[in-house]
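Below, each chain spelled out in residue letters.
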Amino acid sequence: MKKWMLMILAPALLLTSACSSEPAANEPSRETAKPPNPVEDNSPAELVFYSVTRDSEEAFNERYGDAIRKNFPNYSIKYIQRVPKSTDLEQLIASNQRIDIIWDSRGSFPGSTIGHDLQLDMTELLKKHEVDLSRFEQSQVNYMKKLGNGAIYGLPLENSTNIIFYNKDLFDKFGVDYPKDGITWEELQKISNQLNVESDGEVYTGYLRGINSLVNQNSFSLPTVDPATNRSSYGNPTWKKIIESELVSMLKNPVAQKAMQQYNKGKFLGLNHFYKEKVVAMYVGGPLVPILYGKEMSQMNWDMVALPTYSEKPGIGSQAYPIYIGITNQAANKDAAMKVIKYLVSDEFQLQHSKKGNMTSLVNPEITKAMGSESQFKGKNYGAFFYNKFAEIAQESDVSTGDVEPMYKLTDKLLPIVNGSIDINSALRTAEEEVNKGIDSAAKK
């Protein structure tokens, strides 16, 4: 080719090359030159998990860790087990130990995460990673938004609520019909009293429950300290109704009182009296009961039924008591942490978790109906956990109560109420005064 022809063609060749979508041989493509998308980036990352629970590393791995490592092989997953006075949050913070992801129950999350100033508003990360909050049962989302004054410090990872476990053998022994989903507290009282029986030298009683959940999961969504007034709510007459309906009406029975004296020196009976001693016909508890006590429960003939409801609150069960999981403000790789959390609340993970008997925080009917389907207790009435609508989670006042724990100022008076050493009105009045005194003392400091 003549030299002049090359001179004419050169600019055209350069222009063609510049307009071509193909990069030059030694030039990096424009695609690889772009900054990495944090949502799609799977570069190695270390994520440190922590909870104020005392779960062993084995328990963490079984519930979450193994699944995370399988789905994120480039991530190094570290779990710090809480050992009191060794790896409490205070010690970890003082030693500059980073925590990326923290999870705790509804009752512990505010104190552990917010109380130690570890909270991070995840709102923008949720948008970036396209996490749809409408997939969750909304009372749990509403609670977190109220807790953060609009900020979202955590997502509900799994849920808990109260239902009734019952020993079918005791019902059969005394010819009592099994309870059904949808009964009221008045109906349960009648059933319970039919099961307060002395037979063949044994004393049987119809009912027991955990007393903390009577307060912090009550169906009327009453807080212990009213956020509108920053005063104790124990003067509200509804507390009297709750205590009478869910405790006094069934445990004031002479046979129930005798059972408490005979089996626990006059104190409330415990879960072991239901699943081990088998002298209690019904127990109010949550979804962890058959998980934690599977071996013992496998030796019982039992089933579940939805928590009774109040006539003035039809179809409303107890409050949800979820586990929240959040990213801390210490997190070194917040996008990596968000991707892991998004996976843990995904339909994929939640479905497998539900099949094992864990209670999902999602509303997907496929997932709720699958609860327990691959557990050792498949065929039990796991639908009881979702039969009622959840009561809205009570929003507690964030006012300081000093060394006073408002809930315990009531629960420590429930046994004296039941055994008759103090009347219910006096107990509520004293609890109210003690809580308010704690609030006032804290305000002066």
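Use the structure listed above.
Residues numbered from 1 in each chain as written. Predicted model: local features only at pLDDT ≥ 70, side-chain atom pairs only at ≥ 80, totals over all residues. Heavy atoms only, no water.

Novice: Mind showing me how you'd approach the nonpolar core here?
Specialist: Judged by nonpolar contacts, the single largest core of 128 residues is most densely connected at F49, L155 and F165. Leave out the neighbours within four places in its chain, and L155 touches M122, L126, V131, L133, F136, I323, Y324, I325, M338, I341 and V345. (Core = buried A, V, L, I, M, F, W, Y, C linked by side-chain atoms within 4.5 Å. Buried < 20%, exposed > 50% of the residue type's maximum accessible area, 1.4 Å probe, protein only. Contact = heavy atoms within 4.5 Å.)

Novice: Help me understand the sheet that holds strand β2 (residues 75-80), please; the structure alone is not making it clear to me.
Specialist: Sheet strands associate in pairs through backbone hydrogen bonding, adopting either a parallel or an antiparallel arrangement. Ordered by their spatial adjacency, five strands build an open sheet running β2-β1-β3-β13-β4, and the pairing between neighbours is mixed. The outermost strands of the open sheet, each flanked by one partner alone, are β2 and β4 (155-158). Strand after strand, the sheet turns through a mean of 30° between neighbouring axes, direction not considered. Of the pairings in the sheet, the one linking β4 to strand β13 (residues 323-327) comprises three bridges and is antiparallel in character. When the bridges of β13 are listed, E158 appears paired with I323. On top of the sheet, helix α3 (residues 57-71) reaches β1 (45-50), β2, β3 (101-105), β4 and β13; it is set at about 165° to β2, its chief contact. Here helix α16 (residues 334-344) sits on the sheet in contact with β1, β2, β3, β4 and β13, set at roughly 155° to β13. (Pairing = 2+ DSSP bridges. Helix = DSSP H or I, 4+ residues; strand = E, 2+ residues; numbered from the N terminus. Axes fitted to C-alpha atoms, helices over the stretch in contact; angles between N-to-C directions.)

Novice: Sorry, what's going on with the side chain of S354 here?
Specialist: Note that S354 resides in helix α17 (residues 347-355). With residues up to four places along the chain from it excluded, the contact list for S354 reads I367, A370, M371 and G372.

Novice: Sorry if this is basic, but what is going on with the pairing of strand β7 (residues 202-209) here?
Specialist: Regular strands have side chains that alternate between both faces of the sheet. Within β7, seven of the eight residues are buried, which leaves it mostly tucked inside the rest of the structure. Bridge count between strand β6 (residues 197-199) and β7: three bridges; the pairing is antiparallel. When the sheet's bridge partners are listed, S199 is paired in β7 with E202. Joining the antiparallel neighbours β6 and β7 is a turn of two residues, in which D200 adopts a positive phi near 55°. Both β7 and strand β10 (residues 280-285) contribute to a ladder of four bridges, which runs parallel. Its bridge partner lying in β10, R209 is registered against V284.

Novice: Quick question: what am I supposed to make of the sheet that holds β6 here?
Specialist: Taken in spatial order, the five strands of this open sheet run β6-β7-β10-β5-β11, and their pairing is mixed. Two strands in the sheet have a free side with no partner beyond their single neighbour: β6 and β11 (302-306). Adjacent strand axes in the sheet meet at a mean angle of 25° when their direction is disregarded. On top of the sheet, helix α9 (residues 185-194) reaches β5 (163-167), β6, β7 and β10; it is set at about 160° to β7, its chief contact. Strand contacts of helix α12 (residues 254-264): β6 and β7, with the helix running at about 100° to β7, the strand carrying the most contacts.

Novice: Hey, could you run me through the packing of aromatic side chains in this one?
Specialist: The geometry of an aromatic ring pair is captured by the separation of the ring centres together with the interplanar angle, meaning the angle of the planes. With the rule as written, the count across this model stands at 25 aromatic pairs. Judged by centre distance (5.9 Å) and plane angle (75°), the ring pair of F171 and Y178 falls under edge-to-face. Note on Y178: relative accessible area 31%, which makes it partly exposed. By the ring-pair criterion, three or more aromatic residues cluster together here, those being F49, F60, Y64, F72, Y75, Y79, W103, Y343 and F349. (Phe/Tyr/Trp six-rings, centres within 6.5 Å; stacked < 30°, edge-to-face > 60°.)

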